[in-house]
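An overview of the molecular structure
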Amino acid sequence: MNTLPPPTDPLLLPVRDPRARDLVLDYADMHALVTDLVLPGDASMYVMSAMETSRELIRHSYYRYEFATVAVTHSLFALEHVLAERLATNEPLHDLIERATDAGLITAGLAAELDRSRLLRDKLTQGAESSAALRPLRAVAMVRAVFDAVSLLLRPPSAAGTAAPDVGGAQPEDGLARLWEDHLRALFPDGFRGVDFDGVDLVLLDADVAGLVQRELNGGLDDSGIAYLWGCITDLDKIVPLINEEYCASYFRKLRTMAQVAAAPYIPTAT
């Protein structure tokens, strides 16, 4: 029996976190940020729950900014569970990611993004970062990497052997695969983390293009991914002429070339 008295004050409706004021116009627009975070249908209930919760935490960061960072750390529950099952071993997450990469189950670029999420989790545990460490847009890119990795890891072993692009044959994506491998070897321009040009964050743009190219190589982009990629190309066209440091400009010109090759098979549905 509930012995608590009924509330005397009307319930307060949630309001937008002021730190999210430049993110979207209203809560309904948060859907566009997470629309391509599609749950894998063949995952266990535990994994599905963790991934769906991560996605919804990003959506609700409109009301509480810290939810974006929590979304990334929560998504690692699903990743660690799937890695441990696929590799049949219980080891620290860093070792599991390394093992999956060595086995060709995930690409080196995807592994690096996953490890950034792990490092963030560790810093939160140690008190070296706060729950407001990430902007929601950056959290989307990091959670997307987990979704992509889980989808790859859940493939049957015969299919997983082809998860990483095979660049030996004469396939249409052959040129894109070579550009992707070159991109993985390139270092992000020193001193340009946290820098934006004309409102475009360089780290976020780099991560967004990388995530989209990975998805194109691993099965192709859907309509929302194609539209997002063309949006990135528009941003690259805008910022590259503004960069006055030689290596940084070259890095983002190559990123623009890779994005254009990935977008070439598609008619732009949004710009």
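Notes on the structure follow. Computed from a prediction, not measured in an experiment: that's the story for all the values here. (Residues numbered from 1 in each chain as written. Predicted model: local features only at pLDDT ≥ 70, side-chain atom pairs only at ≥ 80, totals over all residues. Heavy atoms only, no water.)

The subject of this paragraph is the overall build of the protein chain. Along the protein chain, the regular secondary structure elements total eleven helices and two strands. Counting from the amino terminus, the protein chain carries its helices and strands in the arrangement α-α-α-α-α-α-α-α-β-β-α-α-α. Taken over 271 residues, the protein chain has a buried fraction of 44%. Roughly 14300 Å² of accessible area belongs to the protein chain as shown, and the carbon and sulfur atoms make up 55% of that amount. (Helix = DSSP H or I, 4+ residues; strand = E, 2+ residues; numbered from the N terminus. Buried < 20%, exposed > 50% of the residue type's maximum accessible area, 1.4 Å probe, protein only. Areas by Shrake-Rupley, 256 points an atom, 1.4 Å probe, with all protein chains shown as cover.)

To find leftover empty space, one rolls a probe the size of a water molecule over the atoms. The calculated volume of the largest pocket comes to roughly 940 Å³. Around the largest pocket, the lining is made up of 36 residues, and of these Glu-113, Arg-116, Arg-138, Arg-193 and Val-203 lie nearest the centre. Contributing elements (two or more residues each) for the lining of the largest pocket: α5 (108-126), α6 (136-153), α8 (174-185) and α9 (202-217). The greatest single-element share of the lining of the largest pocket, amounting to nine residues, is contributed by α5. Broken down by class, the residue content of the lining of the largest pocket amounts to 20 nonpolar, five polar and eleven charged. Each pocket or cavity is described by its volume, and for the second largest pocket that value is around 700 Å³. Leu-23, Leu-33, Arg-135, Leu-137 and Leu-204 are, among the 30 residues lining the second largest pocket, the residues nearest its centre. Of all the secondary structure elements, the ones that give two or more residues to the lining of the second largest pocket are α1 (30-34), α6, β2 (200-201), α9 and α10 (223-239). Here the lining of the second largest pocket gets six residues from one element, more than from any other, and that element is α10. Residues that form the lining of the second largest pocket fall into these classes: 15 nonpolar, five polar and ten charged. (1 Å grid on protein atoms, 1.4 Å probe; cavity = no way out; pocket = protein on both sides within 12 Å on 5 of 7 lines; lining within 4 Å. Points joined across faces, edges and corners; volume = space filled by probe spheres on them. Nonpolar A, V, L, I, M, F, W, Y, C, P; charged D, E, K, R; others polar.)

Looking now at α5. Taking 1.5 Å of rise per residue, 19 residues should cover 27 Å, and α5 covers 27 Å from first to last C-alpha, within 8% of that figure. Taken residue by residue, α5 has Gly-109, Leu-110, Ala-111, Glu-113, Leu-114, Asp-115, Ser-117, Arg-118 and Leu-120 as its buried positions. Where α5 terminates, the next one or two residues include Gly-127, which has phi positive at roughly 80 degrees. (Expected span 1.5 Å × (residues − 1).)

This paragraph deals with the packing of α9 against α10. The N-to-C vectors of α9 and α10 enclose an angle of 140 degrees; their axes lie 10 Å apart at closest approach. The angle between the axes of α9 and α10 places the two elements in the oblique class. At the point where α9 passes α10, the crossing takes the left-handed sense. Every residue of α10 that contacts α9 at Leu-202, Leu-205, Asp-208, Val-209, Leu-212 and Arg-215 is listed here: Gly-225, Tyr-228, Leu-229, Cys-232, Asp-235, Leu-236 and Ile-239. (Axes fitted to C-alpha atoms, helices over the stretch in contact; angles between N-to-C directions. Parallel < 35°, antiparallel > 145°, perpendicular 65-115°, else oblique. Left-handed = near helix turned anticlockwise from the far one by under 90°. Contact = heavy atoms within 4.5 Å.)

Notably, Ala-88 is not glycine yet its phi reads approximately 55 degrees, a positive angle. Along the chain, the position of Ala-88 falls in the loop between α3 (67-87) and α4 (93-102). According to the relative accessible area criterion, Ala-88 is exposed, its value standing at 68%. Look at Asp-198: it is not a glycine, yet its phi comes out positive at around 50 degrees.

Look at helix α2 (residues 45-59): 21 Å from first C-alpha to last across 15 residues, which is about the 21 Å you get at 1.5 Å a residue. Burial in α2 covers these residues: Val-47, Ala-50, Met-51, Ser-54, Arg-55, Leu-57, Ile-58 and Arg-59. Residues of α2 that are buried in the fold lie against α1, α3 and α6.

On to the environment of Ala-186, then. As for its placement among the helices and strands, Ala-186 is situated in the loop between α8 and β1 (196-197). Under the relative-accessibility criterion, Ala-186 is labelled partly exposed at 32%. Separated by 65 residues in the primary sequence, Ala-186 and Tyr-251 place their C-alpha atoms 7.8 Å from one another. Filtering out sequence-adjacent residues up to four positions away, Ala-186 remains in contact with Tyr-247 and Tyr-251.

With that settled, the discussion passes to the nonpolar core. Formed by 43 residues in total, the largest nonpolar core has its most connected members in Leu-79, Leu-83, Ile-106, Leu-114 and Leu-153. Secondary-structure elements contributing two or more residues to this core are α1, α2, α3, α4, α5 and α6. Here this core gets eleven residues from one element, more than from any other, and that element is α6. Excluding its chain neighbours within four sequence positions, the residues that come into contact with Ile-106 are Ile-97, Ala-100, Thr-101, Ala-111, Leu-114, Ala-149, Leu-152 and Leu-153. Ala-177, Phe-192, Val-200 and Phe-252 belong to the second-largest nonpolar core, a separate cluster that totals 34 residues. (Core = buried A, V, L, I, M, F, W, Y, C linked by side-chain atoms within 4.5 Å.)

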